[in-house]
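Residues per chain, in single letters:
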Amino acid sequence: MPPALLRLTLCLAFLLITGGRLAAQPPLVIETDPLTPAEQQTKFHLPEGFEIELVASEPMISKPINLNFDHRGRLYLTQSVEYPIPVQGEEARDAVMVLEDTDGDGRYDRANRFVDGLNIPIGVAPIPGGVIVHSLPNILRCDDTDGDGQIDQRRVLLGPFGQVDTHGNNNGFTRWIDGWMYACHGYRNQSTISGTDGHQITMTSGNTYRFRIDGSRVENHTFGQVNPFGLSFTPRGDAFTADCHTKPAYMLLRGAYYPSFGAPHDGLGFGPELMDHLHGSTAIGGIVYYAANHFPPEYRDTLFIGNPVTNRINHDRFELHGSTYRAIEQPDFLVCDDPWFRPVDIQLGPDGALYVADFYNAVIGHYEVPLDHPRRDRERGRIWRIVYRGSDSDPQAAPHVPNLSGDDLDALWARLADPNLSVRTMATNRIVDAHGMFALAPMRERLLAPCQPEQRAHGLWIVYRLEGLDEALARKLADDRSPLVRTHLVKALAETTHWSNNTAWMAELVREAMGDEDPFVRRAAADALGRHTQSEHLSLLLKMWQQAPSDDRSLIHTIRMALRDHLLVPELHDAVRQLARADDDNLRRLMDVALGARTPEVAMLVLDGLQTGRHEAAREGEFINFAARYLPEPRLPELVELAGSLDVADVDPMRQLGVVGNLSLGYQERGMELAEPIRDWAARLADRLLSANETEHVREGIALVRQLQLTALFDPLADLVRNVSTDRETRNAAMEASLAVDEGRALRLLGDVIADASRPTAVRHSAASVLATLNRPAVRELLLEQLPTAPAEVAQVIAQGLARSRPGGEALLEAIAAGKASPRLLQDAAIQNALREAQVLRVEARISQLTAELPPLDAAIAELIQQRRAGFAAAQPNVAGAREMFDKHCGVCHELAGQGNKVGPQLDGVGNRGLDRLLEDVLDPNRTLDPNFRSTLISTVDGRVLSGLVQQDEGQTVVLIDEQGKEIRLSKADIDQQRVSRFSAMPANLAQSVPENELYAVLAFLLQQRQAGPTGAGSQ
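In this text, all values refer to a predicted model and were calculated from it rather than measured experimentally.

Calculation criteria
- Residues numbered from 1 in each chain as written.
- Predicted model: local features only at pLDDT ≥ 70, side-chain atom pairs only at ≥ 80, totals over all residues.
- Heavy atoms only, no water.
- Helix = DSSP H or I, 4+ residues; strand = E, 2+ residues; numbered from the N terminus.
- Buried < 20%, exposed > 50% of the residue type's maximum accessible area, 1.4 Å probe, protein only.
- Contact = heavy atoms within 4.5 Å.
- Areas by Shrake-Rupley, 256 points an atom, 1.4 Å probe, with all protein chains shown as cover.
- Pairing = 2+ DSSP bridges.
- Axes fitted to C-alpha atoms, helices over the stretch in contact; angles between N-to-C directions.
- Parallel < 35°, antiparallel > 145°, perpendicular 65-115°, else oblique.
- Left-handed = near helix turned anticlockwise from the far one by under 90°.
- Phe/Tyr/Trp six-rings, centres within 6.5 Å; stacked < 30°, edge-to-face > 60°.
- Lys NZ or Arg CZ within 6 Å of the ring centre and 35° of its normal.
- Salt bridge = Lys/Arg side-chain N within 4 Å of Asp/Glu carboxyl O.
- Arc of directions from axis to C-beta.
- pLDDT = per-residue confidence, 0-100.

1. Some points on the overall build of the protein
1) Next: In terms of regular secondary structure, the protein is built from 34 helices and 34 strands.
2) Next: Among the 1020 residues that make up the protein, the fraction classed as buried is 63%.
3) Next: Considering only contacts within the protein whose residues lie at least 6 apart along the sequence, 66% involve residues at least 24 apart.
4) Next: Within the structure as shown, the protein displays about 37800 Å² of accessible surface, and the carbon and sulfur contribution to it stands at 47%.

2. Section: the sheet that holds strand 26 (residues 354–358)
1) Next: With antiparallel pairing, four strands are arranged side by side in an open sheet as 2-27-26-25. The sheet terminates laterally at strand 2 (50–57) and strand 25 (343–348), the two strands that pair on one side only. On average, each strand axis in the sheet is tilted by 25 degrees relative to the strand beside it, whichever way the strands run.

3. Concerning the sheet that holds strand 11 (residues 171–175)
1) Next: Overall, mixed pairing links the five strands, which are arranged 11-12-15-16-20 in an open sheet. Unpaired on one side and paired on the other, strand 11 and strand 20 (257–258) mark the two borders of the sheet.
2) Next: Strand direction decides the pairing type here: strand 12 (residues 181–185) and strand 15 (residues 207–211), joined by five bridges, are antiparallel. Of the residues in strand 15, the one forming a bridge with Met-181 is Phe-211.

4. Some details on the packing of helix 4 (residues 421–435) against helix 6 (residues 453–465)
Each pair of packed helices gets described by two things: the angle between the helix axes and the distance between those axes.
1) Next: Helix 6 packs onto helix 4 with a crossing angle of 30 degrees between their chain directions and a minimal axis gap of 10 Å. Taken together, the axes of helix 4 and helix 6 lie roughly parallel to each other. Helix-helix and strand crossings are classified by hand; for helix 4 and helix 6 the assignment is right-handed. Of the residues in helix 6, those in contact with Leu-421, Arg-424, Thr-425, Thr-428, Asn-429, Ile-431 and Val-432 of helix 4 are Glu-454, His-458, Ile-462 and Arg-465.

5. Quick look at the packing of aromatic side chains
Given two aromatic rings, their pairing is described by the distance between the two centres and the angle made by the two planes.
1) Next: With the rule as written, the count across this model stands at 33 aromatic pairs.
2) Next: Taken together, the aromatic side chains of Phe-50, Tyr-290, Phe-295, Tyr-299, Phe-304, Phe-333 and Tyr-388 make up a single cluster linked through ring pairs.
3) Next: The residue whose ring lies beneath Arg-210 is Trp-180, and the NZ or CZ to ring-centre distance is 3.9 Å.
4) Next: When the ring centre of Phe-520 is taken as reference, the NZ or CZ atom of Arg-236 above it lies at 3.9 Å.

6. Structural notes on the environment of Asp-608
1) Next: Assignment of secondary structure puts Asp-608 in helix 15 (residues 600–612).
2) Next: Taking the C-alpha atoms as reference points, Asp-608 and Arg-581, separated by 27 residues in sequence, lie 9.2 Å from one another.

7. Remarks on the pattern of salt bridges
1) Next: Counted under the stated rule, the structure contains 53 salt bridges.
2) Next: Across the pair Glu-100 and Arg-110 runs a salt bridge, and its minimum N-O distance is 3.8 Å. With Glu-100 in strand 5 (residues 94–100) and Arg-110 in strand 6 (residues 110–118), this pair connects stretches of sequence that are 10 residues apart.
3) Next: Ionic pairing is found between Arg-326 and Asp-276, a salt bridge with its closest N-O pair at 2.5 Å. You can see Arg-326 sitting in strand 24 (residues 324–336) and its partner Asp-276 sitting in the loop between strand 20 and strand 21 (287–289), a full 50 residues away along the chain.
4) Next: According to the relative accessible area criterion, Arg-326 is buried, its value standing at 16%.
5) Next: Members of the salt-bridge network, linked through shared partners, are Asp-178, Asp-197, Arg-210, Arg-217, Glu-219, Arg-254, Glu-495, Asp-527 and Arg-531.

8. Describing unusual backbone geometry
1) Next: For the bond running from Glu-58 to Pro-59, omega is 5 degrees, close enough to zero to count as cis.
2) Next: Within the secondary structure layout, Pro-59 lies in the loop between strand 2 and strand 3 (64–69).
3) Next: With an omega of 0 degrees, the peptide bond between Leu-136 and Pro-137 qualifies as cis.
4) Next: Relative to the helices and strands, Pro-137 is located in the loop between strand 8 (130–135) and strand 9 (138–143).
5) Next: Phi angles above zero are rare outside glycine, and Asn-311 is one such case at about 60 degrees.
6) Next: Checked against the element boundaries, Asn-311 lands in the loop between strand 22 (303–307) and strand 23 (312–321).
7) Next: Phi at Gln-709 takes a positive value of approximately 50 degrees, unusual for a residue other than glycine.
8) Next: Relative to the elements of secondary structure, Gln-709 occurs in the loop between helix 20 (695–708) and helix 21 (714–722).

9. Remarks on the environment of Glu-39
1) Next: Note that Glu-39 resides in helix 2 (residues 37–41).
2) Next: Each C-alpha atom of the pair Glu-39 and Asp-338 lies 9.1 Å from the other, and the pair is 299 residues apart in sequence.

10. Remarks on helix 25 (residues 777–786)
1) Next: Looking at helix 25, one finds that the buried residues are Val-779, Arg-780, Leu-782, Leu-783 and Gln-786. Taken down its axis, helix 25 places every buried residue within 160 degrees of arc, on the same side. Exposed side of helix 25, more than 90 degrees from the buried face: Pro-777, Glu-781 and Glu-785 are the residues found there.
2) Next: Buried residues along helix 25 sit against helix 23 (743–755), helix 24 (761–771), helix 26 (792–802) and helix 27 (806–817).

11. Details of the pairing of strand 4 (residues 75–79)
1) Next: Counting buried positions over the five residues of strand 4 gives five, a clear majority of the element.
2) Next: In terms of strand pairing, strand 3 meets strand 4 through four bridges, oriented antiparallel. Residue pairing for strand 4: Phe-69 is matched across the bridge by Leu-75.
3) Next: Adjacent in sequence and paired antiparallel, strand 3 and strand 4 are bridged by five residues, among which Gly-73 carries a positive phi angle near 85 degrees.

12. Regarding the confidence of the model for the protein
1) Next: On average, residues of the protein score 88 in pLDDT, and 88% of them reach the 70 mark or higher.
2) Next: Residue range residues 1–24 is modelled with pLDDT below 50. Its contacts to residues more than four positions away, or to other chains, number 125 contacts.
3) Next: In this model residues 1013–1020 is a low-confidence stretch, pLDDT under 50, and it forms 20 contacts with partners more than four residues away in sequence or in other chains.

Right, dumping it as structure tokens:
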């Protein structure tokens, strides 16, 4: 079996193993009956001293999704009976509910259906006189203008948002002390929205953003993540989000990019990761940074994360490396033995308790389970409160939810010292909302008097929002003994849109803060300078980077983003060049961040660095590619001349390859032909590599021939194809390259290989696979000619290739009807799907007619699964060397234990799914298919039909991971049509394509990849 095809089948199989979610122990559809709330309450396990209390359930509420509190202590929630299918053309039945505890017993006894007629609402936040709520496809502002408890005005605040995915929508609405509402934008959806000021942003799949509650402005906050769901702030103002399918949580740096299914970063790399572990699942919902004193000290300033697949609340503590958080996995905080428990949101209550939205359901999967699955519950839902009661010897009083509605300014000021961050945040916003400018003078007076650091930190934001932060007060706060206050001062100064001559003191204070002893203050200062680009800031940022501890990755990444933002300002280029020329270290750092500033001016800086030879040698190829992509066209000859200077015998051929390859990619990405002298050099280099003794060099030579279509080197490629000593992967690459450089000769070559019965079946299979990507009459004729005598494996590949086009599909069906090929080919799901995608006439009826005498497909699959299950049990496979096999065949798409690529989901913990589920998903891949992993079909202008996963769409180039697990770069000018298939990119003939011993070995290896089970207190 050729390794390339094994890579395809296993790599793409693993994408689908999880159906778009990483494996976890519970099944996606629970077969047990639901429990009553009282019965469910007995199923929870918590550390000693903690209790879980029911505060609301059906029929008072149903299907809660997001929670939020208002200043009166009322609990707001969105609930949806429509999820996951949005209402079309009729009245929606979802709502915002407002719950009140009128007798103070800790359980809500009054429920008001505050906003009705909503369509799968998720994010919700109370505002003065009303509520902001997401309802497909908009974010609405709903107001109760007469105070009767029912909204009487609603308008679109922002939107419309993309809504192709209903479980990846706007959520986590959190109004912070700066007055902005922060939110998460979820999976797959693309949205272009603007505030009333006209400023527009675009978000694709996972992002975070912020907006003004009057809709006047909306801004990007971060980019990437797959499906951020839940948001929580620390007292210092750092935000955490939970995410699905990457790592469970991230600490967000404003403007940073985070991983999202192989999507590219901004040229600076992704923002620092918070954690290495996965908590056994990446279907994550809800997050709380615990900033209160109700829980014991060991739980304060730690992270709680909802895990609705494993029915738990996970727990992490932190190590601080300067201003960088590093999460350390702890025993699970809560474990529930009722598999219907689905914690989709967690909130820190004003009482210090954790409030948990339990979507209580037998089904948790979205794409993993049909959207209309009959076991999706649409009635039940619970909200739980987790409190600390202490021990018998040291009992703790029940927490109380405060009501701020009757507080005057003095009382609200006192609340700013509350140990609970949620109370301080409510009081901050309440002072601004309820007292406005009348609060300014009293707040300034209190800030100048002795008070608690928390009061000064929150109070300065109140003064800033009321436009009363002047130089005298700011200088006093800049000298504050508390780093919390100094951090928030710098963050507030950063929010000023422009630092003018009249506010020069702001820039001065921030620059001084760059030398602060506290790393969080320094990071805030670096971010502030990035938002206010001035030539004076360049040298300060470079110096700060030089002095930054290497393990404070958040500080360093913030500095790099700030420098990048300076490079984007044309007026600062002279200052940038002066700094670069003055010091080699400056040059290296500026070139590093230049890759994130994709402008012609910055590309000239990179060219200068390359010409002087003062760049970082290990990154030479990156810089060459960047310069080739972005340099002004008149400067390209200089780059060509510089690259050509390496065309000498004593220069390492792999270094030459890096230069030539990256130069040609840059030209391709900008849509230009490579300069002739470079092509000549590339041809000489490729010829040298093809005759090398090292396999790696030979394969790189083949890739270069293919990339530049070096026709003169067809004969060496053909020799590699024919040579019996050529290894399989090298031979496959040579076959593909031969087609790229001389299709006519390659067809004859590969046709001879397929027809040669003396060759191993695997070699003939490879040749057929390569030809199957071509959709032209001559190729179809060749493939049809070989079909009657081809072995089953080869015939299957030929049939799948023919089925991808209507003419090929017609010819295939005619051949089967004429008895020239087996009708069993039509039981292959991949062939069936290809015929459907090609829209072959009367395809279903013809398939049914030709397969009428064969056993049903479902029965055949079930029998195959049983056979492989029994075969695995009998095989007792040896996993020695299986890691290397995984890396070779699957690392192109997947990361495992920190190694591999993130085109698809990480596979840490995949063994938790068990053998039966692995076999089902691998052998029937379209059963549960996440749209993110649907195959993309590309027809080229020269007649090829390609399919695979689009890894990147950059400039004039599309990068596809094809059915061989190979990377294909296509110029957009060469693409005739591109569309997303309805079906999986994974072949359905895994059992026939992969030798059983290899399949069993890799399955055994994957089954060893497990995440720890329940370890929390009370879970034994």
